[in-house]
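# Chain and residue survey
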Amino acid sequence: MANKKNLVVIGYGGMGGWHTLHSQDSDVVNLLGIYDIKEERRTLAESRGIKAYKSLDEVLSDPAVDLITVAVPNDSHKEIVIKALMAGKNVICEKPVALSSEDLGDMIAASKKSGKIFTTHQNRRWDVDFLAIKEIVKSGKIGKPLRIESRIHGSRGIPSDWRGEKAHGGGMILDWGVHLIDQLLQIYTEKIVKIECTCTHITNNEVDDGFYLTITFESGAVAFVEVGTYNFIALPRFYMKAENGSAIITDWREKAKVVHCKYWHESEVIPVETAAGLTKTMAPRDSVTVDEYEVEKPMSDVHDFYRNVCAAIDGKEEQLIKHCEMMRVLKVMEAAFESDRLGQPVAFVE
């Protein structure tokens, strides 16, 4: 594709490596090089045929650079982002975009002052499991969602790097919570009234290694987010209870399963025998009152994120991950930390 944007990735670690790898296969960006404060990572990049800038100032003073992706520890985002924007570069920042709403406000102000695009890499908007749940809600076949539960479970604790350190913005709310909250706020757009969160510290006392977060909306609808890093049996990735049915996705590799309730009452409910007696309340449904079907995994292309950013730079599209959305997610995370600190629900101010 003609007129590709010249990209430099700041930080050549895990996600920095991901960005460089995918940018080399992109139809909208051209990877000019990387910069990392660690010499061994710059050497590694060069061994792979990637230019390594010697300093951040060298990157920012290069007139060929159109776009910078910041993929460094969370506590370093603000300084680099603002410096890059004021140097006239468009900026993508890895998530969480900032460690406080105040810091994010300063970054947004720099974007407006410079007139350059500033966004964050909420790549999990392209996850096929999320897209499937979003598609089910949009179809309206089982009505409005009353409660959506979103979970990620693992069993290996927090990675043994800066993600386990408070000073660098570690912990699971900032690592995975930022994604799952962003996903659910793409479905629930109504006013948030209450946040309740409990963090866990099974493997790490400094930062949360998991959490349980309940977001209550003005209508009474609920979004529940759970992240666990000490779960040796994982619960389903998504579970949704809606006005006229339910949906479940056990794993991103599986299709969504949906049950649509056609008729609420049956003329004759046959009791079922459980371990200690009979029950009509929990008797299973049959095909007379419900339809069951699967939803195919939606198509997804991770390159669409960079395509949108480049189109936004050219003024052809609005950026998908907007400043107001970035701020809303960050304020939910701040409220989650406050709820955990107080040990009680907190009111949420939009």
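Scroll up for the structure.
Residues numbered from 1 in each chain as written. Predicted model: local features only at pLDDT ≥ 70, side-chain atom pairs only at ≥ 80, totals over all residues. Heavy atoms only, no water.

Turning our eyes to something else, we now look at the nonpolar core. With 93 residues, the main nonpolar core has Phe118, Ile195 and Leu213 as its most contacted residues. A total of nine residues in this core trace back to one element, the largest contributor, which is helix α7 (residues 172-187). Discounting chain neighbours no more than four positions away, the residues touching Phe118 are Val81, Leu85, Val91, Cys93, Val97, Leu104, Met107, Ile108, Ser111, Gln319, His323 and Met326. (Core = buried A, V, L, I, M, F, W, Y, C linked by side-chain atoms within 4.5 Å. Buried < 20%, exposed > 50% of the residue type's maximum accessible area, 1.4 Å probe, protein only. Helix = DSSP H or I, 4+ residues; strand = E, 2+ residues; numbered from the N terminus. Contact = heavy atoms within 4.5 Å.)

Looking now at the pairing of strand β4 (residues 90-93). Side chains of β4 alternate between two faces, with Asn90 and Ile92 and Val91 and Cys93 buried alike. Here strand β3 (residues 67-70) runs beside β4; their pairing, made up of four bridges, is parallel. In the strand pairing of β4, Thr69 is matched with Ile92. Handedness of the crossover joining β3 and β4 through helix α4 (residues 77-86): right-handed. Taken together, β4, helix α5 (residues 101-114) and strand β5 (residues 118-120) form a β-α-β motif whose crossover is right-handed. (Pairing = 2+ DSSP bridges. Right-handed = clockwise from strand over helix to strand, strands pointing away.)

Taken together, five strands build an open sheet; the order of strands is β2-β1-β3-β4-β5 and the sheet is parallel. The open sheet has two edge strands, β2 (29-35) and β5, and neither has a second partner. This sheet shows a mean twist of 20 degrees between the axes of neighbouring strands, independent of strand direction. (Axes fitted to C-alpha atoms, helices over the stretch in contact; angles between N-to-C directions.)

This part is about the packing of helix α6 (residues 128-139) against α7. As a packed pair, α6 and α7 sit with axes 10 Å apart at the nearest point and diverge in direction by 20 degrees. Between α6 and α7, the angle falls in the class roughly parallel. Here α6 and α7 pass one another in a crossing that is right-handed. Contact with α6, carried on its side by Phe130, Ile133, Lys134 and Val137, involves Gln183, Gln186 and Ile187 of α7 and no other residues of that element. (Parallel < 35°, antiparallel > 145°, perpendicular 65-115°, else oblique. Left-handed = near helix turned anticlockwise from the far one by under 90°.)

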